[in-house]
Amino acid sequence: MLLRKITLEEFGAYRGKQSLDLTPKKNKPIILIGGLNGCGKTTLLDAIQLALYGNRARCSGRGAKAYETYLRESINRKADPQRGSAITLEFTILTDGQEHYYRVVRSWHISGKTLKEFLNVYVDENYGERAKPQRTVEPDCKFNRLLSEGWADHVESLLPLEIASLAFFDGEKIESLADPERAASVIESAVHSLLGVSTVHQLRNDLLALQRRQKLSDEEQHLLDKIRAQETERDAVLSEYEVAHQELAQCRTELGKAQRTLDSLEAAFEKEGGHLFTRRVELENDKKQIVARLAEVRAELTQMASGPLPLLLVARLLDDLREQAAIEQEARQSAQVLQVLEQRDQWLLDLVPDAVRADVLKQLETDRAQRSEKTDLAVDLRLPHDALAQLSLLDQLLERDTARSTQLLTSAAELTEQLDQLDRQLAGVPAHDKVEALQRSRDEQIVEVARVQAALDRAVARLEELKRRREYVTTLLERAHNEFVRTKVKAEEVERIITYSEKARKTLERFASALLQRHIGKLERAVLKSFQELMRKQGLVHGLRIDTDKFTLTLVDADGERIDPSRLSAGERQLLAVSLLWGLMRVAGNRLPSVIDTPLGRLDSRHREHLVDRYFPNASEQVLLLSTDEEIDEYLLGRLKKSVAHTYTLVHDDTEFTTSVVEGYWWNAGVQHVG
């Protein structure tokens, strides 16, 4: 498909009739359209989709509005509602080697309280033959009633809506593709629709429908009604499931934003010393306990100091006293022995003969003299007879009190150190007014995160419930069809059709699996090549894998290890999303236009240059580039100029709130029209 021209009449901010020639030139595929924010760039993208798909168009400004409401609000506020608005889109498409020229005119106006919409399709079937001798030729389009009435089905054969969503994208879509969870569904949809896998699945479904049609007869009308009712229920469940899936994605996005806000508040709160502030009461209680414990320890030490413990200061005197007690005890014992020995010696002398009595008496007197010397004391303190026992008991008491006092002193030192640490921490606690606002914001955000998390949990539960219901309804429907088949198939021809269609379905199932594997491999290489061409950090990513079951995308570094997406900057994730779209278009090989709205947000200068030099000139045979003056500036325009076929500037009148289209860009012919 090649877009040729678009004409807007009283559509959105576009006042009057505004036309843009979109035909690319040889080696110049880019049509550059500049406009400040709010001038109508996204409106132009919406207009292309609205002209093609009508109620099914995924217009950015529609949201949850009803289609009629959206059309009413799309009429220019300065225009007559009874005259209404119109969009004319002209394009050529190659079918069976023949180029056809289409002019699609979608218009609507308000008549009384009713909005009326019209769609007229004009076709030049022989445009390709007449255009061969010359480069350009005016189309000879004629009104086609059949195409006008059946355009919704016909446009799907020209450019399916799912494929168009990949060809027409804006910065918001790139932002969503940068999220790995949301990118998985886009990859799955693109692989199935853009690469032909969905066609194989459709063939399988068509064969299944053929089987079921063969099994129907007038006699089973009541069973057919039951099947149709179950099919209606299944479709309703599928619709609810899709809505629930979108709500779940929205909840995840909201939770991510809420969590990031909470993380930011937590970081600010931590930076201001909030963790100490929240622990202030705990720290003060700890200090009270330590002060009380320290007082107990000191009181016990004081009590011990009133006992025998101070005698350790005169330990040497105690040793002397112990020695004196031993001497005095020995003297007392010697005195007692002397009295006994005198009686014994007298008894012995009476027993010995007279001849030896003198010698024995001399020896006995000598012994008593020696023992008598021991009773003579230089110092006599007259200590009690149990002084040594008392001193021994005192030693035990001192040993016990010494060990206990050592423990108490150690405890006192430790408690003192802990008290000093608590004082330092309490000194660092910020003032209440300094963190009060942060604490209140953080507490409110915690509640918000909990609320969003609860909504997410409800959405997950709802989705799981619908999944089980979908499986249940599908099982019932399949069972009804099987019962219908088993009991009502009679004719041999019907049996043959069923048998061979079942074989064909199984063959198509294997073929779809093989086709998917083949395309996934090509897509991995194409996306990786695109990403490496656009990336500034050439050594960051060395491999890329796409899971064939969940269609999740994984990046791999030089060591074969998975790269956490958080390692990529916002700009690099945006480049990855662009690479995904570029890789899909490369693998598909389709001649589709690429309409890109505000493509350079969050990118640094080097990445912008890579997009301008490597992507835009090669993205497609036709590239509609919608940009602000800060994205494609004068410098980038110079690098892009060799690939540009047409340039336009969207000029907005701030007094009339209308937009007009002027040829040229900001830094060439369009500059005189921009205030």
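See the structure above.
Basis of the calculations
- Residues numbered from 1 in each chain as written.
- Predicted model: local features only at pLDDT ≥ 70, side-chain atom pairs only at ≥ 80, totals over all residues.
- Heavy atoms only, no water.
- Pairing = 2+ DSSP bridges.
- Helix = DSSP H or I, 4+ residues; strand = E, 2+ residues; numbered from the N terminus.
- Phe/Tyr/Trp six-rings, centres within 6.5 Å; stacked < 30°, edge-to-face > 60°.
- Buried < 20%, exposed > 50% of the residue type's maximum accessible area, 1.4 Å probe, protein only.
- Lys NZ or Arg CZ within 6 Å of the ring centre and 35° of its normal.
- Salt bridge = Lys/Arg side-chain N within 4 Å of Asp/Glu carboxyl O.
- Contact = heavy atoms within 4.5 Å.
- Axes fitted to C-alpha atoms, helices over the stretch in contact; angles between N-to-C directions.
- Parallel < 35°, antiparallel > 145°, perpendicular 65-115°, else oblique.
- Nonpolar A, V, L, I, M, F, W, Y, C, P; charged D, E, K, R; others polar.
- Polar contact = N/O pair within 3.5 Å; in protein donor to acceptor, adjacent residues only side chain to side chain.

**Looking at the sheet that holds strand β11 (residues 562–563)**
In space, the three strands of this open sheet follow the order β9-β10-β11, with antiparallel pairing throughout. This sheet does not close on itself; its edge strands, each paired only once, are β9 (543–546) and β11. Sheet topology note: the strand β10 (residues 553–556)/β11 ladder contains two bridges and is antiparallel. From the neighbouring strand, L555 faces β11, where its bridge partner is I563.

**Comments concerning the packing of aromatic side chains**
With the rule as written, the count across this model stands at six aromatic pairs. Note on F91 and Y102: the rings are 5.2 Å apart at their centroids and 5° apart in plane angle, and the pair reads as stacked. Of the two residues, F91 is situated in strand β4 (residues 85–95) and Y102 in strand β5 (residues 98–111); the sequence distance between them amounts to eleven residues. According to the relative accessible area criterion, F91 is buried, its value standing at 0%. When its relative accessible area of 4% is taken as the criterion, Y102 is described as buried. Where Y102 meets W151, the ring centres are 6.1 Å apart and the plane angle is 50°; that geometry is what we call tilted. Of this pair, Y102 sits in strand β5 while W151 sits in helix α5 (residues 151–158), and the two are 49 residues apart along the sequence. Each member of the pair, Y102 together with W151, is buried. Put simply, the rings of F91, Y102 and W151 pair up and form one aromatic cluster. Across from the ring centre of F657, 5.5 Å away, lies the NZ or CZ of R77, which sits over that ring.

**Observations concerning the pattern of salt bridges**
Inspection of the entire model under this criterion finds 16 salt bridges. D613 serves as the salt-bridge partner of R639, at 2.4 Å between the closest nitrogen and oxygen. Here the residue R639 occupies a position in helix α20 (residues 634–640), and D613 occupies one in helix α19 (residues 605–615), the gap between them amounting to 26 residues. The exposure class assigned to R639 is partly exposed, which follows from its relative accessible area of 27%. Given a relative accessible area of 29%, D613 falls into the partly exposed group. One connected set of salt bridges, linked through shared partners, spans E240, R462 and R469.

**Describing the sheet that holds strand β1 (residues 2–9)**
Spatial strand order, β2-β1-β4-β5-β6-β7: six strands in an open sheet with antiparallel pairing. Every other strand in the sheet has two partners, leaving β2 (17–21) and β7 (142–143) as the edge strands with one partner each. As judged from the two bridges shared by strand β6 (residues 114–124) and β7, these two strands associate in the antiparallel manner. Counted as the bridge partner of V123 is K142 from β7. Lying over the sheet, helix α2 (residues 67–74) contacts β4, β5 and β6, oriented at roughly 85° with respect to β6. In the packing of α5 onto the sheet, contacts are made with β4, β5 and β6, and the angle to β5 comes to roughly 140°.

**Concerning the packing of helix α1 (residues 41–53) against α5**
Viewed as axis vectors pointing N to C, α1 and α5 meet at an angle of 120°, and their least axial separation amounts to 9 Å. Between α1 and α5, the crossing angle belongs to the class labelled oblique. Touching A51, L52 and Y53 of α1 are W151, V155 and E156, all from α5. Looking at side-chain class alone, the contact of α1 with α5 contains five nonpolar, no polar and one charged residues.

**Some points on the side chain of T92**
Relative to the helices and strands, T92 resides in strand β4. T92 sits in the buried class, given a relative accessible area of 2%. Engagement of the side chain of T92 in a polar contact is seen with the side chain of E99, the distance being 3.3 Å. The contact partners of T92, leaving out residues within four places of it in the chain, are M1, L2, R4, E99, H100, Y101 and Y127.

**Some words on the side chain of E90**
Within the secondary structure, E90 sits in strand β4. For E90, a relative accessible area of 9% corresponds to the buried category. A polar contact of 3.5 Å, which involves the side chain of E90, links it to the side chain of R103. Apart from the residues within four sequence positions on either side, E90 is in contact with L3, R4, K5, Y101, Y102 and R103.

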